[in-house]
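# What the coordinates show
Listed below, chain by chain, are the residues.
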There are 2 protein chains.
Amino acid sequence: MSHRISRQIQLKSRPAGMPEPDNFQFVEVPLPEPAEGEFIVENKWISVDPYMRGRMKEGASYVEPFGIGEAMEGGCVGVVLESRNEKFPVGCHVLGNSGWRDTWISDGERIVQVDASSTPLSCFLSILGMTGMTAYAGLLEIGELKDGDNVFVSAASGAVGSIVCQIAKLKGCRVVGSAGSREKIEWLKEYAGVDEAFNYHDTSDVSSTLKDHFPDGIDVYFDNVGGDHLAGAIDNMRDFGRIVCCGMISGYNDEKPKPGPANLFKIIGKRVKMQGFIVRDHESLREKFLTDMNHWIDEGMITWEESVTEGLENAPEAFMALFNGDKKMGKALVKL
Amino acid sequence: MSHRISRQIQLKSRPAGMPEPDNFQFVEVPLPEPAEGEFIVENKWISVDPYMRGRMKEGASYVEPFGIGEAMEGGCVGVVLESRNEKFPVGCHVLGNSGWRDTWISDGERIVQVDASSTPLSCFLSILGMTGMTAYAGLLEIGELKDGDNVFVSAASGAVGSIVCQIAKLKGCRVVGSAGSREKIEWLKEYAGVDEAFNYHDTSDVSSTLKDHFPDGIDVYFDNVGGDHLAGAIDNMRDFGRIVCCGMISGYNDEKPKPGPANLFKIIGKRVKMQGFIVRDHESLREKFLTDMNHWIDEGMITWEESVTEGLENAPEAFMALFNGDKKMGKALVKL
């Protein structure tokens, strides 16, 4: 054994409804000595994302469920501490999927080396990582965004939404976002540069609020939320509009799924396309994404927020806060 | 005046729920003398279609609502009786949208001449008309049908569904259809050549019935029905499946729309595309459609049913029967 210990957050029990602290356990396990071709990584940043709620459930989905008594997984960036793999020398920085722990061992499979010389490490989990890529691929590929489109974004100040809003603005669109606090609305208008934003706590009727904001209708709805936002958007879609189904966080913690939109039939007459997607299917876009995004960052054309929680032991808290739409802005990260 | 009378079915009142005989009125109105460039048509066949239920409602949709006290509209084929337009001489056959009446006057706008020498007139409203074209465009364009796909069709013995099933079989797919009577199930298996068919009255759980019929999941669901068929299909869609939203007849007569599928969120993880369409947007396919369809007809590779009601005065009855899924098979037509 390496005498090293991996401190990790394991799934202790599957949540019924909203995840609670007792669904997680903090455990220390010995880390094996690296074999030939292996190396040990010390995580610096780990990502917490809403999709992980799906992996806490039993049953098949597009990713395997987390095992009870096993460390949870997720995006992470770290530094190589010990190495018996010449492609990943000590001191190099890597992006992997072994989050929710401080150290881990790898044979290099599906691990990407990143250049931390001019980019803050956390960016590989946010603006330049899965989050940025989700926004980019969803909006441009699935949403088939066109210049001048009317774009509605829900959870607009969130990790993905905040980037979607700005890419749409950069592409010459009119953008309206919804979010859950006055602070978020101000951020959207002042920093993300959206045309209009509304606090969904201030409306009991998302459909009519959207009608006020989009008198000519919506061309692209980037849905992170589902529920009344989705139904309201369907009411206001223009002919040939596109609904990008990225997430439906409003239902992730339902023990019994809520009914879907009663106005779904309207997608026929309006010839709307609704399409679900997962970012990993869009790897072919990565090079173009990185070129565009680095350009926008270098030119100061895009901004992003990170909500940072300190300490591995606080990762469950950071994760649970994702489901309280009033609290955090931008990409939720845990700094180790 | 021409001394001619147009006998027509007008919308008398808007239905609340299921249309009733009292929502229609049979009226005789004088037909004006044709001006220069105009001609008079005598209808031979008129089409009744579920989408007309939408036009009986107030409020904007993709087609204008029918006016109270005005003749209803819809597909029709007839013969020119009198003409002051040399492009449409007496005796020629035309396809138009002035159904629900015996005679009408036109200036030729949006009227198509058809060759009745070798094709029964009714075909221009069924297999070679809007119905066939809806099946063809929906399945191939919106459904992006591929060889070997697993295809589920609801209302599979209906006007559009029965053609969808057969095109999918011709394209090398495995096809399962649902319908509402034993007679229809037999027709689907014996004449349409589907692999399997089930009577939805025999199941209280469409989702698990579909799981039995599609152990490997569904690639394309051609939805004519909505409701539990749509939810059941979503449960059983394969990754990257396509749902062709052609109609949701289960909800057309609801005074208050029913909730949508509670499992809609599954389209994200499965990367499903759901897309509404209207056949008139796919005119660019017409030539290819006619070539293919005439070939399939000539070779005896496709069959179709017409449920014929005799007499204009019985058109409302023929229309109302569309919403009783147990009754009629194939394309509903009224013969004058």
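By the naming in an unreviewed UniProt entry, chain A goes by NADP-dependent oxidoreductase and is assigned to Luteolibacter algae.

## Thoughts on the interface of chain A and chain B
Residue-level contacts link 28 residues of chain A with 28 residues of chain B. Of the roughly 2300 Å² buried at the junction of chain A and chain B (both faces included), carbon and sulfur atoms supply 68%. When the buried surface of chain A facing chain B is broken down by residue, A:Leu264, A:Ile268 and A:Arg271 rank first, second and third, together holding 25% of it. Across the pair A:Asp281 and B:Arg271 runs a salt bridge, and its minimum N-O distance is 2.7 Å. Of all the secondary structure elements, the ones that give two or more residues to the side of chain A that touches chain B are β12 (237–245), α7 (266–269) and β13 (273–276) of chain A.

## Looking at the pairing of strand β13 (residues 273–276) of chain B
Both faces of β13(B) are covered, namely the face carrying B:Lys273 and B:Gln275 and the face carrying B:Met274 and B:Gly276. Across three bridges, the pairing between β13(A) and β13(B) is antiparallel. The residue bridging A:Lys273 from the neighbouring strand is B:Gln275, located in β13(B).

## Structural notes on the sheet that holds strand β9 (residues 174–179) of chain B
With mixed pairing, twelve strands are arranged side by side in an open sheet as β10(A)-β9(A)-β8(A)-β11(A)-β12(A)-β13(A)-β13(B)-β12(B)-β11(B)-β8(B)-β9(B)-β10(B). The sheet is open, and its two borders are formed by β10 (196–199) of chain A together with β10 (196–199) of chain B, each paired with just one other strand. With direction set aside, neighbouring strand axes in the sheet form an average angle of 15 degrees. As judged from the four bridges shared by strand β12 (residues 237–245) of chain B and β13(B), these two strands associate in the parallel manner. By the bridge assignment, B:Cys245 is partnered in β13(B) with B:Gly276. Lying over the sheet, helix α2 (residues 130–142) of chain A contacts β11 (218–223), β12 and β13 of chain A, oriented at roughly 150 degrees with respect to β11(A).

## Re the relation of the copies chain A and chain B
When chain A is fitted to chain B, the residual RMSD is 0.0 Å, and the transformation amounts to a turn of 180 degrees plus an axial shift of 0.0 Å. The superposition operator between the copies reduces to a two-fold rotation axis. Of the C-alpha atoms belonging to chain A, the one lying closest to the rotation axis is found on A:Gly260, 2.0 Å away. The fraction of interface residues of chain A whose copies in chain B are also interface residues reaches 100%, indicating that both copies meet through the same surface.

## As for the pairing of β12(B)
Residue and element names in this part refer to chain B. Bridge count for strand β11 (residues 218–223) against β12 is five bridges, and the pairing is parallel. Paired with tyrosine 221 across the bridge in β12 is isoleucine 243. A crossover connection joins β11 to the parallel β12 through helix α6 (residues 227–236); in handedness this β-α-β unit is right-handed.

## Looking at the environment of A:Gly17
Residues and elements named next belong to chain A. Mapped onto the fold, glycine 17 is located in the loop between β1 (5–11) and β2 (24–30). Judged by its relative accessible area of 9%, glycine 17 falls in the buried class. Not counting chain neighbours up to four residues away, the residues in contact with glycine 17 comprise Arg53, Asn253 and Glu255.

## What to know about the state of the cysteines
Residue and element names in this part refer to chain B. Counted according to the given criterion, the structure contains zero disulfides over all chains. No disulfide involves cysteine 76; its sulfur sits 13 Å from the nearest other cysteine sulfur, which is in cysteine 92. The buried category is assigned to cysteine 76, whose relative accessible area is 0%. The thiol of cysteine 173 is not disulfide-bonded; the next cysteine sulfur, from cysteine 165, is found 11 Å away. Since its relative accessible area comes to 4%, cysteine 173 is described here as buried.

## Some points on the packing of α2(A) against helix α3 (residues 159–170) of chain A
Residue and element names in this part refer to chain A. Taken N-terminus to C-terminus, the directions of α2 and α3 make an angle of 50 degrees; their axes are 8 Å apart at the nearest point. The angle between α2 and α3 falls in the class oblique. As for the relative orientation of α2 and α3, their crossing is right-handed in sense. Residues Thr131, Gly132, Thr134, Ala135, Tyr136, Leu139 and Leu140 of α2 pack against Ala159, Val160, Ile163, Val164, Ile167 and Ala168 of α3.

## Some details on helix α5 (residues 206–213) of chain A
Residue and element names in this part refer to chain A. Looking at α5, one finds that the buried residues are Val206, Ser207, Thr209, Leu210 and His213. The buried residues of α5 occupy an angular sector of 165 degrees when the element is viewed end-on, so they sit on one face. The outward face of α5, more than 90 degrees from its buried face, is lined by the exposed residues Lys211 and Asp212.

## As for the packing of aromatic side chains
Using the criterion set out here, one finds 22 aromatic pairs over all chains in the structure. Between A:Phe152 and A:Tyr221 the ring centres are 4.9 Å apart and the planes differ by 15 degrees, which places this aromatic pair in the stacked class. Of this pair, A:Phe152 sits in strand β8 (residues 150–153) while A:Tyr221 sits in strand β11; the two residues are 69 residues apart in sequence, bridging distant segments of the chain. The class of A:Tyr221 is buried, set by a relative accessible area of 0%. Judged by centre distance (6.3 Å) and plane angle (70 degrees), the rings of B:Phe152 and B:Phe214 are edge-to-face. One end of the pair, B:Phe152, is in strand β8 (residues 150–153); the other, B:Phe214, is in the loop between α5 (206–213) and β11, and 62 residues separate them in sequence. Residue class for B:Phe214 comes out buried when judged on its relative accessible area of 1%.

## Here's the deal with the domain arrangement of chain A
Residue and element names in this part refer to chain A. If you check the domain split of chain A, you get domain 1 (5–126 + 305–335) and domain 2 (130–280). Each of domain 1 and domain 2 has a C-alpha centre, and the two are 28 Å apart. Taken together, the contacts link 24 residues of domain 1 with 18 residues of domain 2. In this assembly, domain 1 packs against domain 2 so that about 1700 Å² is buried in total across both faces, 54% of it on carbon and sulfur atoms. Linking domain 1 with domain 2 are zero salt bridges, by the criterion used here. Remark: the boundary between domain 1 and domain 2 carries six residue pairs in polar contact (both at pLDDT 80 or more). Among the residues making up the side of domain 1 that touches domain 2, the classes are represented as twelve nonpolar, four polar and eight charged.

About the thresholds
- Residues numbered from 1 in each chain as written.
- Chains lettered and ligands numbered in written order.
- Predicted model: local features only at pLDDT ≥ 70, side-chain atom pairs only at ≥ 80, totals over all residues.
- Heavy atoms only, no water.
- Contact = heavy atoms within 4.5 Å.
- Buried area = accessible area lost by both parts, 1.4 Å probe.
- Salt bridge = Lys/Arg side-chain N within 4 Å of Asp/Glu carboxyl O.
- Helix = DSSP H or I, 4+ residues; strand = E, 2+ residues; numbered from the N terminus.
- Buried < 20%, exposed > 50% of the residue type's maximum accessible area, 1.4 Å probe, protein only.
- Pairing = 2+ DSSP bridges.
- Axes fitted to C-alpha atoms, helices over the stretch in contact; angles between N-to-C directions.
- Least-squares fit on C-alpha atoms with pLDDT ≥ 70 in both.
- Right-handed = clockwise from strand over helix to strand, strands pointing away.
- Disulfide = S-S within 2.5 Å.
- Parallel < 35°, antiparallel > 145°, perpendicular 65-115°, else oblique.
- Left-handed = near helix turned anticlockwise from the far one by under 90°.
- Arc of directions from axis to C-beta.
- Phe/Tyr/Trp six-rings, centres within 6.5 Å; stacked < 30°, edge-to-face > 60°.
- Domains from an automatic or database assignment.
- Polar contact = N/O pair within 3.5 Å; in protein donor to acceptor, adjacent residues only side chain to side chain.
- Nonpolar A, V, L, I, M, F, W, Y, C, P; charged D, E, K, R; others polar.

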